[in-house]
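As a plain string of letters, each chain reads:
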Amino acid sequence: MPSTNYDLSAITSVEYDGTSLSEIILDGTSIWTPRNSVTVTISADTNNYTLTPAAVAGYSAGITDVSFVVNSGVVIGSSTTATAALTVSGFASGDVVTVNNSGYIVGAGGRGGNSNTNNATVGGTAITTTSPIEINNLGTISGGGGGGGARDHTTTTTSTTAYVPCTGKGSSGCGGIVTTYTNTYYSGSPGGGGAGRIVGQPGTVTAHGNSTPAAGSAGSLTTGGAGGSTKAAGAGGALGQNGVSGTWAGGLAGHYIIGSGFATWISVGTRAGRTAT
């Protein structure tokens with residue numbers, strides 16, 4: 001009689017004589033154990049969440065279905081552009097990890113460039129994963145906005161020409177044209193902060209000569225802050241957007257995902273920014 005192979009992985013429960021079984025053993029070999037379904041719910045704002053087996057109650061390697069739920073209106077952000085808002089790692093082959101997002105998973109906003117110099121920074125990353133995940137995005141997943149580019153200082157020189165007459169009788173060799181030169185200093189403004197959570201801060205204000213520029217603004221969750229208005233600097237980028245350039249370029253947008261090769265998108269939803277494998 002020919003042998004038949006059956007896929008038992010879809011079976012969620014087995015009963016024998018009214019009793020649920022925890023395992024099926026055939027000829028001394030375990031051929032089935034029930035899958036373990038666990039839901040991890042994020043119901044309040046948080047930063048730098050790490051989803052690993054250690055965060056899943058009752059985890060059993062290779063047979064656990066994890067539903068990671070971000071409630072509507074809840075924000076997972078990051079305290080720094082160097083660290084992703086959500087990091088997923090450490091799950092075994094056979095586990096199924098699904099990110100069900102109805103809120104925001106967003107990177108930190110980039111910092112605006114300092115006036116008269118430039119150090120506008122990139123926005124932060126939303127998700128980094130080294131484990132296979134499915135993403136059901138009904139909300140927003142986005143890299144942080146890049147910081148706005150700063151404006152450089154300038155100096156304008158103007159000249160004033162006047163005739164200086166002789167002041168005494170009988171004077172000789174007096175009178176003539178005198179030119180006076182005046183420098184006017186214009187300090188470059190700092191760039192605005194990028195959007196995200198934590199929001200990007202504007203660059204610092206530095207005077208040039210006797211000119212002090214107007215300050216830029218911090219970003220918000222979704223929009224970049226304005227650059228300083230004196231010798232106008234660049235605004236910070238909105239979620240997933242590059243910062244606007246001043247004299248210097250604004251910072252790049254953050255990644256909405258690093259580890260895209262591990263991700264399967266059930267629903268794309270709103271996502272913005274860069275991606276990397």
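Refer to the structure above for everything that follows.
Residues numbered from 1 in each chain as written. Predicted model: local features only at pLDDT ≥ 70, side-chain atom pairs only at ≥ 80, totals over all residues. Heavy atoms only, no water.

Asks: Can you break down the overall build of the protein chain residue by residue, with the values?
Replies: For the protein chain, the count of helices and strands is 0 helices and 21 strands. Surface accessibility of the protein chain: about 13600 Å² in total, with carbon and sulfur atoms responsible for 51%. (Helix = DSSP H or I, 4+ residues; strand = E, 2+ residues; numbered from the N terminus. Areas by Shrake-Rupley, 256 points an atom, 1.4 Å probe, with all protein chains shown as cover.)

Asks: Can you lay out the sheet that holds strand S11 (residues 96-101) for me, pointing to particular residues and giving the numbers?
Replies: Taken in spatial order, the 5 strands line up as S5-S8-S11-S14-S19 in an open sheet, and their pairing is parallel. The open sheet is flanked by strand S5 (36-42) and strand S19 (263-267), the only strands paired with a single partner. Sheet twist, expressed as the mean angle between neighbouring strand axes with direction ignored, is 20°. Summarising the sheet, strand S8 (residues 64-70) and S11 pair through 6 bridges and their orientation is parallel. Paired with Val69 across the strands is Asn100, a residue of S11. (Pairing = 2+ DSSP bridges. Axes fitted to C-alpha atoms, helices over the stretch in contact; angles between N-to-C directions.)

Asks: Describe in detail the packing of aromatic side chains, supporting the description with residues and values.
Replies: This structure, assessed with the given rule, holds 3 aromatic pairs. Ring centres of Tyr49 and Phe68 lie 5.3 Å apart, and the angle between their planes is 45°; on these two criteria the pair is classed as tilted. Of this pair, Tyr49 sits in strand S7 (residues 49-51) while Phe68 sits in strand S8, and the two are 19 residues apart along the sequence. Judged by its relative accessible area of 18%, Tyr49 is buried. Residue classification places Phe68 among the buried positions, given a relative accessible area of 0%. Pairing Tyr59 with Phe91 gives two aromatic rings, centres 5.9 Å apart and planes at 75°, and the pair type is edge-to-face. Here Phe91 lies in the loop between strand S10 (86-88) and S11 and Tyr59 lies in the loop between S7 and S8, a separation of 32 residues in the sequence. A relative accessible area of 23% places Tyr59 in the partly exposed class. Across the ring face of Trp265, the terminal group of Arg271 is positioned such that the distance to the ring centre comes to 4.6 Å. (Phe/Tyr/Trp six-rings, centres within 6.5 Å; stacked < 30°, edge-to-face > 60°. Buried < 20%, exposed > 50% of the residue type's maximum accessible area, 1.4 Å probe, protein only. Lys NZ or Arg CZ within 6 Å of the ring centre and 35° of its normal.)

Asks: Give a description of the sheet that holds strand S20 (residues 270-272) that names residues and reports values.
Replies: With parallel pairing, the 5 strands of this open sheet are ordered in space as S6-S9-S12-S15-S20. Every interior strand has two partners, whereas the edge strands, strand S6 (46-47) and S20, have only one. In terms of strand pairing, strand S12 (residues 104-106) meets strand S15 (residues 140-142) through 3 bridges, oriented parallel. Looking at S15, one finds that Val106 is bridged to Ser142.

Asks: With reference to specific residues and values, describe the nonpolar core.
Replies: Leu51, Phe68, Ile105 and Ile127 are the most contacted members of the largest nonpolar core, which totals 26 residues. Sorting the residues of this core by element identifies S5, S7, S8, S10, S11, strand S14 (133-137) and strand S18 (255-258) as the ones contributing at least two each. For Ile105, the residues in contact, after removing those within four places along its chain, are Val70, Ile76, Ala85, Leu86, Val99, Ala126, Ile127, Thr140, Ile141 and Ser142. If you look at the next biggest cluster of nonpolar residues, it comprises 5 residues, including Val75, Ala195, Leu221 and Leu239. (Core = buried A, V, L, I, M, F, W, Y, C linked by side-chain atoms within 4.5 Å. Contact = heavy atoms within 4.5 Å.)

Asks: Before we move on, can you summarise the pattern of salt bridges with the specific residues and values?
Replies: Taken as a whole and judged by the stated rule, the model has 2 salt bridges. With a closest N to O distance of 2.6 Å, Arg35 and Asp65 form a salt bridge. With Arg35 in the loop between strand S4 (29-32) and S5 and Asp65 in strand S8, this residue pair connects regions lying 30 residues apart in the sequence. Classification of Asp65 by relative accessible area gives partly exposed; the value is 23%. Arg197 is paired through a salt bridge with Asp45; the nearest N and O atoms lie 3.4 Å apart. Taken as a pair, Arg197 in the loop between strand S17 (176-186) and S18 and Asp45 in the loop between S5 and S6 lie far apart in primary sequence, 152 residues in all. (Salt bridge = Lys/Arg side-chain N within 4 Å of Asp/Glu carboxyl O.)

Asks: Describe the environment of Thr222, with residues and values.
Replies: With respect to the helices and strands, Thr222 occurs in the loop between S17 and S18. For Thr222, a relative accessible area of 36% corresponds to the partly exposed category. Here the alpha-carbon distance between Thr222 and Gly240, two residues 18 residues apart in the chain, equals 9.1 Å.

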